[in-house]
Amino acid sequence: MNSLYLPQRTFFDFSFRCPQRVEPLKIDGKLRDWDQSALVPDLMSIDGQQSFAKVYMAWDESGLYFACEVKNKTTYKINPRHPSEGDCLELFIDTRDVKERRANRFCHRFYFLPGGSGRDGKRPIGRQTSINDAREQAPPCPEDSIKLGLHRLKRRYSMAIKLPATGLNGFAPQEFGRVGFTYLLHDSQHGTQSWSSIGDLDVDSDPSTWGTAELVVD
C-alpha cells in the first residue's frame with residue numbers, strides 16, 4: 001500500500017517580503033544585479049531536504065522579475081513538449097492572492113527552460129501555459145513580451161526573467177500589494193525543488209497551496 005507523503009510545509013501559510021526595484025534589472029542571465037534582499041526564502045529545509053538552487057524575485061510597476069541559479073550541473077535534459085519532464089522552472093502567480101482551490105482569470109502558470117530553442121538548441125524558452133481544472137484561464141501573455149536571459153557555464157547555469165505587467169492579468173501593485181506565488185524547479189540531476197508545497201499535492205493547479213509575495217514599497 002502506497003502512502004502519501006505530506007511535507008510539513010503543507011500545514012502552514014508562507015509569505016515573504018518581495019523588494020521593489022528602483023532601477024530595472026538586466027535580463028541577461030547574469031545575476032550581478034541581484035542581491036540577498038531578493039532571495040526567495042528556502043523552505044526545503046523545513047522538511048529535512050536540501051535545496052540545490054537559489055531563486056530570486058523582485059518587482060516594479062512594469063512587472064515581476066525572477067531569477068534562478070543552479071550549481072553542480074553537468075548534464076541537461078530539455079523537453080519543450082513536456083517541460084516538467086526535464087530541466088525547467090515553473091512559476092505560479094495569482095495577482096489577487098485569493099487562495100481559492102481552483103484557479104481563476106488572475107492565476108498564471110509559466111515555464112522556462114535553459115535551452116531548447118535556436119539553431120544550436122541552447123537558447124532558453126519561456127512561455128505561459130494553461131492551468132488544469134481552472135474556472136477560467138488568465139488571458140495569454142504574449143511570448144515575445146517575456147524577457148528571458150540565460151547564462152550557462154561548465155557546471156552551472158542561471159536564468160533571469162521579466163514578466164511584463166501587461167501580461168499579468170490583474171497586476172496592480174498600488175491596489176493589491178501581495179500576489180500568490182510558488183515555484184517548482186525541475187532538474188534532471190537533482191530532482192525537484194519546491195517552495196510552498198509539492199507537485200504531488202496539486203500545487204500546479206490549486207492556488208490555495210501557493211504562498212504569498214508581499215510587494216514591499218521602499
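Data block above holds the structure.
None of these values were measured; they are calculated from a predicted model.

### Overview of the packing of aromatic side chains
Applying the stated criterion across every chain, the model contains nine aromatic pairs. Taken together, a centroid distance of 5.9 Å and an interplanar angle of 20° make the contact between phenylalanine 66 and phenylalanine 181 stacked. Of this pair, phenylalanine 66 sits in strand β3 (residues 63–71) while phenylalanine 181 sits in strand β9 (residues 178–187), placing them 115 residues apart in sequence. On the basis of an interplanar angle of 45° and a centroid distance of 6.3 Å, the ring pair of phenylalanine 181 and tyrosine 183 is categorised as tilted. Residues phenylalanine 181 and tyrosine 183 agree in their burial class; the two are buried. Taken together, the ring pairs connect Phe16, Phe66, Phe181, Tyr183 and Trp195 into an aromatic cluster. In this structure, lysine 73 packs its charged tip against the face of tyrosine 76, placed 5.1 Å from the ring centre.

### Looking at unusual backbone geometry
The phi dihedral of aspartate 97 falls on the positive side, at around 50°, and the residue is not glycine. Along the chain, the position of aspartate 97 falls in the loop between β4 (88–94) and β5 (107–117). Classification of aspartate 97 by relative accessible area gives buried; the value is 10%. Positioned with a positive phi, lysine 99 is a non-glycine residue whose angle comes to about 65°. By the secondary structure assignment, lysine 99 is in the loop between β4 and β5. Given a relative accessible area of 27%, lysine 99 falls into the partly exposed group.

Here is what the cut-offs are and how they apply
Residues numbered from 1 in each chain as written. Predicted model: local features only at pLDDT ≥ 70, side-chain atom pairs only at ≥ 80, totals over all residues. Heavy atoms only, no water. Phe/Tyr/Trp six-rings, centres within 6.5 Å; stacked < 30°, edge-to-face > 60°. Helix = DSSP H or I, 4+ residues; strand = E, 2+ residues; numbered from the N terminus. Buried < 20%, exposed > 50% of the residue type's maximum accessible area, 1.4 Å probe, protein only. Lys NZ or Arg CZ within 6 Å of the ring centre and 35° of its normal.

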